[in-house]
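Each chain, letter by letter, is given below.
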Amino acid sequence: MMGDVEVIRVRELQGPFGPAREIVPDCPGEVWSDNKEWMAPEFWEPDSDSFVATVQTWVLRSEGMTVLVDTGVGNGRQRPGAPPFDNLKTDFLSRLDRAGVRPEEVDVVVNTHIHADHVGWNTVDQDGEWVPAFPNAGYLIPAADYAHFGPDGPGSGPERREIERLVFADSIEPVHRSGQAVLWEGTHRIDANLTLESAHGHTPGSAVLRLASGSDRAVFIGDLLHSPVQILEPSCNSCFDEDAGCAAASRRSVLERAADERELVVPAHFGGAGAVEVRRDGSKFAITRWAAYA
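Residues numbered from 1 in each chain as written. Predicted model: local features only at pLDDT ≥ 70, side-chain atom pairs only at ≥ 80, totals over all residues. Heavy atoms only, no water.

Student: Which residues make up the overall build of the protein chain, and what are the values?
Tutor: The number of helices and strands found in the protein chain is 9 helices and 16 strands. C-alpha atoms of the protein chain, sized along the principal axes, occupy 50 × 45 × 35 Å. Residue burial in the protein chain is summarised as follows: out of 294 residues, 56% are buried. In the protein chain, the share of contacts with a sequence separation of at least 24, taken over all contacts with a separation of at least 6, comes to 67%. Accessible surface, the protein chain: about 12200 Å² in total, of which carbon and sulfur atoms supply 48%. Both charge centroids of the protein chain, one from 26 positive and one from 46 negative side chains, sit 4 Å from each other. (Helix = DSSP H or I, 4+ residues; strand = E, 2+ residues; numbered from the N terminus. Buried < 20%, exposed > 50% of the residue type's maximum accessible area, 1.4 Å probe, protein only. Contact = heavy atoms within 4.5 Å. Areas by Shrake-Rupley, 256 points an atom, 1.4 Å probe, with all protein chains shown as cover. Lys, Arg positive; Asp, Glu negative; His and termini not counted. Charge placed at Lys NZ, Arg CZ, Asp CG, Glu CD.)

As structure tokens, this is what we get:
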């Protein structure tokens, strides 16, 4: 519980997803090695130099609503060039059910940005057609990402990888076609406890979700952080950041506020406790403690 908001984590995948030095290519090698004791095995496999991550959905119960933050990869998707996501088959919906979340009871779906591992369970295959997985939910999608990755945007040109075109076609366009997509920009208040804010750089519309209830504070930051080494070296971007300068600026801004206001930082892909408190350490940041999360 954070104030009056219940927070539940539902995992879809966990494991190594590629070479660590390729995922965060600018991070000096000694940052990894000097922190090996606590980085392994939740975030890094030193022997293989593998980046370890979790694909997960955060479920928030707030003011009588059920809110999902990001929806993972999804089953049965063609994801060329991304073997861990290609034609996946998991029991994710059963895991949601075990957490007490039934598709028809979801009120809001938040996509922090449009990437394959954040929007996949937006839809399910019904008789060969992709339809919204949560029939009564509004899907909050950053307008800038919709414009960028949509059929008329710069992200849809011939240089764009096939995976992005497929993601938009099977996971975004169906919810827009159904009338359930809410395209927002700047800030968007969900209720008295939850507010979306733009934090672009990772993608043109990438966003964070702030939780403020009672004295508790948290910020769900999507992919502003892929690895804890980016807390220690906030100028280091991941290989997935589309605008490196903006991504680094957004990362620093969010970490500064989290340190100053004691917000719990909740990245999309951290395993282990899944969330962390940070403090300022000169021009950088340090980890104060990991969340006490069961």
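Student: Any chance you could break down the environment of Ala-147 for me, citing the residues and the numbers?
Tutor: Its location among the elements puts Ala-147 in helix H6 (residues 143–149). Taking the relative accessible area as the measure of exposure, Ala-147 reaches 47% and is therefore partly exposed. Placed 57 residues apart in sequence, Ala-147 and Pro-204 show a C-alpha to C-alpha distance of 9.1 Å. Those residues within four positions of Ala-147 in sequence are excluded, and the remaining contacts are Gly-153 and Pro-154.

Student: Give me the lowdown on the packing of aromatic side chains, citing residues and values where you can.
Tutor: In the structure shown here, the tally under the stated rule is 10 aromatic pairs. Taken together, a centroid distance of 5.5 Å and an interplanar angle of 55 degrees make the contact between Trp-32 and Trp-44 tilted. On the criterion of sequence distance, the pair formed by Trp-32 in helix H2 (residues 29–34) and Trp-44 in strand S2 (residues 44–45) is long-range, its members being 12 residues apart. Ring pairing ties together the aromatic residues Trp-38, Phe-43, Phe-270 and Trp-290, which thus form one cluster. (Phe/Tyr/Trp six-rings, centres within 6.5 Å; stacked < 30°, edge-to-face > 60°.)

Student: Which residues make up the pattern of salt bridges, and what values do they have?
Tutor: Inspection of every chain in the model, using the stated rule, returns 17 salt bridges. Note that Arg-210 is salt-bridged to Glu-197, the shortest N-O span being 2.9 Å. Note that Arg-210 is positioned in strand S12 (residues 207–213) and Glu-197 in strand S11 (residues 194–198), a separation of 13 residues in sequence. Arg-289 is the salt-bridge partner of Glu-277, the closest N and O atoms lying 3.0 Å from each other. With a gap of 12 residues between them, Glu-277 in strand S15 (residues 276–281) and Arg-289 in strand S16 (residues 284–290) connect regions that are remote in the sequence. (Salt bridge = Lys/Arg side-chain N within 4 Å of Asp/Glu carboxyl O.)

Student: Could you give me a rundown of the layout of surface pockets, with the residues and numbers involved?
Tutor: Taken as a whole, the largest pocket encloses approximately 620 Å³ of empty space. Considering the residues around the largest pocket, the lining is formed by 28 residues, among which Ala-82, Phe-85, Asp-117, Arg-161 and Phe-240 are closest to the centre. Those elements that place two or more of their residues in the lining of the largest pocket are strand S3 (50–62), helix H5 (116–119) and helix H7 (162–177). Considering every element that reaches the lining of the largest pocket, the biggest residue donor is S3, with 4 residues. (1 Å grid on protein atoms, 1.4 Å probe; cavity = no way out; pocket = protein on both sides within 12 Å on 5 of 7 lines; lining within 4 Å. Points joined across faces, edges and corners; volume = space filled by probe spheres on them.)

Student: Provide a residue-level description of helix H9 (residues 244–261), including the pertinent values.
Tutor: Relative to the 26 Å expected for 18 residues at 1.5 Å per residue, H9 spans 26 Å between its end C-alpha atoms, a close match to the ideal helical length. Turning to H9, its buried residues are Ala-247, Ala-248, Ser-250, Arg-251, Val-254, Leu-255, Ala-258 and Ala-259. Here the buried residues of H9 occupy an arc of 165 degrees about the axis, which is enough to place them on one side. Check the buried side of H9 and you find it contacts S12, strand S13 (216–222), helix H8 (229–232), strand S14 (264–267), S15 and S16. Two residues or fewer after H9 comes Arg-262, characterised by a positive phi angle close to 55 degrees. (Expected span 1.5 Å × (residues − 1). Arc of directions from axis to C-beta.)

Student: Lay out the environment of Gly-81 in plain terms, naming residues and giving numbers.
Tutor: Examined against the element boundaries, Gly-81 turns out to sit in the loop between strand S4 (65–69) and helix H4 (92–98). For Gly-81, a relative accessible area of 74% puts it in the exposed group. With 81 residues separating them in the primary sequence, Gly-81 and Glu-162 have C-alpha atoms 8.7 Å apart.

Student: So, the side chain of Glu-263: which residues are in play, and what are the values?
Tutor: Take Glu-263: it is sitting in the loop between H9 and S14. Here Glu-263 is in contact with Arg-210, Arg-217, Ala-218, Val-219, Arg-257, Ala-258 and Val-276, once residues within four sequence places are set aside.

Student: Break down H7 for me, citing the residues and quoting the values.
Tutor: Between its terminal C-alpha atoms H7 stretches 21 Å, which fits the 22 Å expected from 16 residues at 1.5 Å a residue. Along H7, the sharpest kink reaches roughly 35 degrees, centred on Ala-169. For H7, every residue scored as buried is listed here: Ile-163, Glu-164, Leu-166, Val-167, Phe-168, Asp-170, Ser-171, Ile-172, Pro-174 and Val-175. Tucked into the core, H7 has its buried residues touching H5, strand S6 (123–126), strand S7 (129–132), strand S8 (138–142), H6 and strand S9 (181–184). (Bend = angle between axes of the 7 residues up to and from the residue.)

Student: Could you give me a rundown of the nonpolar core, with the residues and numbers involved?
Tutor: Formed by 32 residues in total, the largest nonpolar core has its most connected members in Phe-134 and Ile-141. Of all the secondary-structure elements, those providing two or more residues to this core are strand S1 (6–19), S3, H4, H5, S8, H6 and H7. Per-element tally for this core: the top contributor is H7, with 5 residues. Among all residues touching Phe-134, those that are not within four sequence positions of it are Leu-68, Thr-71, Leu-96, Pro-103, Val-106, Val-109, Trp-121, Asn-122, Tyr-139 and Gln-180. Core analysis: the next-biggest nonpolar cluster, separate from the first, contains 30 residues, Val-24, Trp-44, Leu-225 and Ile-231 among them. (Core = buried A, V, L, I, M, F, W, Y, C linked by side-chain atoms within 4.5 Å.)

All we've got here are geometric facts, nothing functional implied.
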